[in-house]
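Next come the chains, spelled out residue by residue.
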Amino acid sequence: MHSILGRCAIKKYLGALGRRRPGRPVTPESLKKRVADLSGRLSSEQNALRAVELRQQIIDAERALAEADTAASVDELEKGFVEYAASYSVRKGISYAAWRQSGVPAQVLKRAGVRR
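Attention here is on the structure that accompanies the text. Remember, it's a predicted structure, so these values are computed and weren't measured experimentally. (Residues numbered from 1 in each chain as written. Predicted model: local features only at pLDDT ≥ 70, side-chain atom pairs only at ≥ 80, totals over all residues. Heavy atoms only, no water.)

### Observations concerning the environment of Val90
Note on placement: Val90 falls in helix α4 (residues 74–92). Taking the C-alpha atoms as reference points, Val90 and Val114, 24 residues apart in sequence, are found 9.0 Å from one another. (Helix = DSSP H or I, 4+ residues; strand = E, 2+ residues; numbered from the N terminus.)

Put into structure tokens, the structure is as follows:
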């Protein structure tokens, strides 16, 4: 059972890392601000084609907001990874380099006890 929990925690964390984009993190607050800004621009838009584009941007931002509100935070997922990564690495023969190439930060591996 322990190995199933560990595998699941590791898989979720790696998935969350894969969804992150470089640069400033997108937060629910920044998405709410974006929706409000786009809605304000839409209300005064005279160009019908540009209005359609703004509506689509609002739909996209609202969808991202819904996903951000329901997704577990990367910090919580990271805690699960840290708990299980060392034993999983030993059991599966996964090296420090493989984790790093998969996007896991060095400081997370250090906290997890995965050594070079």
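### Regarding α4
Side chains of residues three or four places apart in an α-helix project in the same direction, reflecting 3.6 residues per turn. The end-to-end C-alpha distance of α4 is 24 Å, clearly below the 27 Å that 19 residues give at a rise of 1.5 Å each. Of all the bends in α4, the greatest measures close to 45 degrees and is centred on Ala85. Every buried residue belonging to α4 is among Leu77, Glu78, Gly80, Phe81, Val82, Tyr84, Ala85, Tyr88 and Ser89, and all of these are buried. With its phi angle positive at about 70 degrees, Gly93 sits one or two positions after the end of α4. (Expected span 1.5 Å × (residues − 1). Bend = angle between axes of the 7 residues up to and from the residue. Buried < 20%, exposed > 50% of the residue type's maximum accessible area, 1.4 Å probe, protein only.)

### Re the pattern of salt bridges
Counted under the stated rule, the structure contains 5 salt bridges. The salt bridge partner of Arg63 is Asp60, with a shortest N-O separation of 3.6 Å. With Arg63 and Asp60 both in helix α3 (residues 48–70) and 3 residues apart, this pair spans about one turn of that helix. Among the residues examined, Asp60 registers a relative accessible area of 37% and is labelled partly exposed. The residue Glu78 makes a salt bridge to Arg111 at a minimum N-O spacing of 2.5 Å. A residue pair is termed long-range when its members are at least 10 positions apart, and Glu78 in helix α4 and Arg111 in helix α6 (residues 106–112) qualify at 33 residues. Relative accessible area serves as the criterion here: at 16%, Glu78 is assigned to the buried category. (Salt bridge = Lys/Arg side-chain N within 4 Å of Asp/Glu carboxyl O.)

### As for helix α2 (residues 28–43)
An ideal rise of 1.5 Å per residue puts 22 Å on 16 residues; α2 measures up with 23 Å between its terminal C-alpha atoms. Within the sequence span of α2, burial applies to Leu31, Val35, Leu38 and Leu42. All buried residues of α2 lie within an arc of 70 degrees about the axis, which places them on one face of the element. Projecting away from the buried face of α2 at angles above 90 degrees are the exposed residues Glu29, Lys33 and Ser43. (Arc of directions from axis to C-beta.)

### So, the packing of aromatic side chains
Scanning all chains against the criterion turns up 3 aromatic pairs. Aromatic pair Tyr13 and Phe81: ring centres 4.8 Å apart, planes at 35 degrees, arrangement tilted. On the criterion of sequence distance, the pair formed by Tyr13 in helix α1 (residues 2–19) and Phe81 in helix α4 is long-range, its members being 68 residues apart. Overall, Phe81 belongs to the buried group, its relative accessible area being 0%. For the ring pair Phe81 and Trp99, a centre distance of 5.2 Å and an interplane angle of 90 degrees mean the geometry is edge-to-face. Of this pair, Phe81 sits in helix α4 while Trp99 sits in helix α5 (residues 96–101), and the two are 18 residues apart along the sequence. Each member of the pair, Phe81 as well as Trp99, carries the same accessibility label: buried. (Phe/Tyr/Trp six-rings, centres within 6.5 Å; stacked < 30°, edge-to-face > 60°.)

### Here we look at the nonpolar core
With 18 residues, the main nonpolar core has Tyr13, Phe81, Trp99, Val104, Leu109 and Val114 as its most contacted residues. Elements supplying a minimum of two residues to this core: α1, α4, α5 and α6. If you tally residues by element for this core, the top one is α4, at 6 residues. If we skip the residues at most four places from it in the chain, Val114 touches Ala85, Ala86, Ser89, Tyr96, Trp99 and Leu109. Counting residues in each nonpolar core, the second largest holds 7 residues, with Leu38, Leu42, Leu54 and Ile58 among its members. (Core = buried A, V, L, I, M, F, W, Y, C linked by side-chain atoms within 4.5 Å. Contact = heavy atoms within 4.5 Å.)

Everything listed here is a matter of coordinates, which is why it stays silent on function.
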